[in-house]
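# Structural features, examined
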Amino acid sequence: MNLQISHEETNKVHYLTLSGEVDAYTAPKLKEMLVPLTEEKNTQIVIDLSNIDYMDSTGLGIFVGALKSTKKNDGTLKLRGMTERVKRLFEITGLTEVMDIDNEVKGEAR
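Residues numbered from 1 in each chain as written. Predicted model: local features only at pLDDT ≥ 70, side-chain atom pairs only at ≥ 80, totals over all residues. Heavy atoms only, no water.

## Things to note about the pattern of salt bridges
Under the convention used in this document: Any Lys or Arg side-chain nitrogen found within 4 Å of a carboxyl oxygen on Asp or Glu counts as a salt bridge. Only DSSP runs of H or I covering at least 4 residues are called helices, and only runs of E covering at least 2 are called strands; the numbering of each starts at the N terminus. Summary of the burial criterion: residues with accessible area below 20% of their type's maximum are buried, those above 50% are exposed, and those between are partly exposed, where the area comes from a 1.4 Å probe applied to protein chains only.
Throughout the structure, instances matching the rule amount to 1 salt bridge. Salt-bridge contacts for aspartate 102 lead to lysine 78; the nearest nitrogen and oxygen are separated by 3.6 Å. Within this pair, whereas aspartate 102 is found in strand S5 (residues 100–102), its partner lysine 78 is found in strand S4 (residues 76–80), the two being separated by 24 residues in sequence. You can call lysine 78 partly exposed: its relative accessible area is 28%.

## A look at the sheet that holds S5
Inclusion rule: Strands were regarded as paired on the criterion that DSSP finds at least two bridges between them. All axes are obtained by fitting lines to C-alpha atoms, using only the stretch in contact for helices, and the reported angles, taken between N-to-C directions, cover 0 to 180 degrees. Between two residues, a contact is recorded if the distance between any of their heavy atoms is within 4.5 Å.
Taken in spatial order, the 5 strands make up an open sheet running S1-S2-S3-S4-S5, and their pairing is mixed. In the strand order of this sheet, the two ends are held by strand S1 (3–10) and S5, each with one partner. Across the sheet, the mean angle from the axis of one strand to that of its neighbour is 20°, orientation sign disregarded. Bridging between S4 and S5 involves 3 bridges; their strand directions are parallel. Across the sheet, residue arginine 80 finds its bridge partner in S5, namely aspartate 102. Relative to strand S3 (residues 44–55), helix H3 (residues 84–92) is tilted by about 110°, and along the sheet it contacts S3, S4 and S5.

## Topic: helix H1 (residues 27–38)
As a reminder, the rule being used: The span you would expect from a helix comes to 1.5 Å times its residue count less one. What the arc describes is the spread of directions from the helix axis to the C-beta atoms.
Between its first and last C-alpha, H1 extends 16 Å over 12 residues, near the 16 Å set by a 1.5 Å rise per residue. Of the residues making up H1, those classed as buried are Ala27, Leu30, Leu34, Leu37 and Thr38. For H1, the angular spread of the buried residues around the axis is 100°, confining them to a single face. Those residues of H1 that are buried lie in contact with S1, strand S2 (13–22), S3 and helix H2 (57–72).

## Some details on the environment of aspartate 102
We classify aspartate 102 as partly exposed; its relative accessible area is 23%. When the C-alpha positions of aspartate 102 and glycine 81 are compared, they lie 6.6 Å apart, and in sequence the two are 21 residues distant. In this structure, aspartate 102 is in contact with Lys78, Leu79, Arg80 and Gly81, ignoring residues within four places of it in sequence.

## What about the environment of aspartate 56?
Inspection of the secondary structure assignment puts aspartate 56 in the loop between S3 and H2. Residues aspartate 56 and leucine 89, spaced 33 residues apart in sequence, show a C-alpha to C-alpha distance of 8.3 Å.

Here's what the structure looks like:
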């Protein structure tokens, strides 16, 4: 399966909606889209993961790198709408303790 990424910017907040799988094959596409956003000063990034069916350690690595870059540039990174399967991966690795995760589902108020 592939990864689809939609990007919208509203009031200086970048909203990304991901659909499909984040793995070794699709991670470069996500990194290419996400890294430049994390390097902007004082940027806010919200990523909707409600349509992600699968994620492996490569995907986790992308989000860890994005978090570090965002913090370095005084920005924020928020993940929302994780499926239970994806959320479990973040819990097992301890990333729920360091990342801003909100299980608000797609379609609710931003």
